[in-house]
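Observations on the model geometry
Listed below are the residues making up each chain.
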Amino acid sequence: VEDPNFHDLVDFDEVRLGDTSTMTMRVSNTGEAPLTVSHMNLGAQTSGEFSFFPEALPEIEQGEFKDIELSYSPRIFPGPDDGTFVIDSNDADPEFQHLIFRLRGVGIDPKINVQPRTRPNDPYDFGEVLKASCSAPETFEITNIGSGLLEIMSVQIAFGDQENFTIANFSQ
């Protein structure tokens, strides 16, 4: 089994709930006889968030290979998931006849929170401001009330007279 960067651990890192991360594991036959993968399965205590495809591999001729797609798809609850993926074969080397790979992933669900709270149908009210003057500055705080990294791609004024408003001193 060629497992570049796995070293017995398949680490999917952080994956957003509802998304899927897939890694390819290559089973190569470097021996001198056909290689039969007799069994592949997820270990008994493995989270249901992990899966693999295909369910079985055909015989692998000398110098040939087959790929297995390992996937992690956190669905409902954020947090860590783990388990094992097992491959049994007729490899000539007993060390490679029963391989166990640890699986690890973390389901994340970042959620943005902006204070003071604003919505398109309920914008923040700066109050009355005289023409050609400026209101007092207002600070809006953006926080992550979920789990995992919340990436803020941009901050902009989306509604109203955009030319009458500015965003200043934005910091991360």
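Described in the following lines is the structure provided in the data block. Quantities reported herein were computed from a predicted structural model and do not represent experimental measurements. (Residues numbered from 1 in each chain as written. Predicted model: local features only at pLDDT ≥ 70, side-chain atom pairs only at ≥ 80, totals over all residues. Heavy atoms only, no water.)

The topology assignment puts Ser71 in strand β5 (residues 65-72). Here Thr22 takes part through its side chain, which lies 3.0 Å from a polar atom of the side chain of Ser71. Setting aside chain neighbours within four positions, we find Ser71 in contact with Phe12, Thr20, Ser21, Thr22, Glu49, Phe50 and Ser51. (Helix = DSSP H or I, 4+ residues; strand = E, 2+ residues; numbered from the N terminus. Polar contact = N/O pair within 3.5 Å; in protein donor to acceptor, adjacent residues only side chain to side chain. Contact = heavy atoms within 4.5 Å.)

Applying the stated criterion across every chain, the model contains 4 salt bridges. We note a salt bridge from Asp11 to Arg104, for which the minimum N-O separation is 3.0 Å. Note that Asp11 is positioned in strand β1 (residues 9-16) and Arg104 in strand β7 (residues 98-108), a separation of 93 residues in sequence. Note that Asp109 is salt-bridged to Lys111, the shortest N-O span being 2.9 Å. Classification of Asp109 by relative accessible area gives partly exposed; the value is 22%. (Salt bridge = Lys/Arg side-chain N within 4 Å of Asp/Glu carboxyl O. Buried < 20%, exposed > 50% of the residue type's maximum accessible area, 1.4 Å probe, protein only.)

Further remarks concern the nonpolar core. Residues Met25, Val27, Met40, Ile68, Leu70, Phe85 and Ile87 are the most contacted members of the largest nonpolar core, which totals 20 residues. Secondary-structure elements contributing two or more residues to this core are β1, β2 (21-28), β3 (37-42), β4 (50-53), β5, β6 (79-89) and β7. Setting aside residues no more than four positions away along its own chain, Leu70 makes contact with Val10, Phe12, Ser21, Thr22, Met23, Met25, Ser51, Phe52 and Phe85. (Core = buried A, V, L, I, M, F, W, Y, C linked by side-chain atoms within 4.5 Å.)

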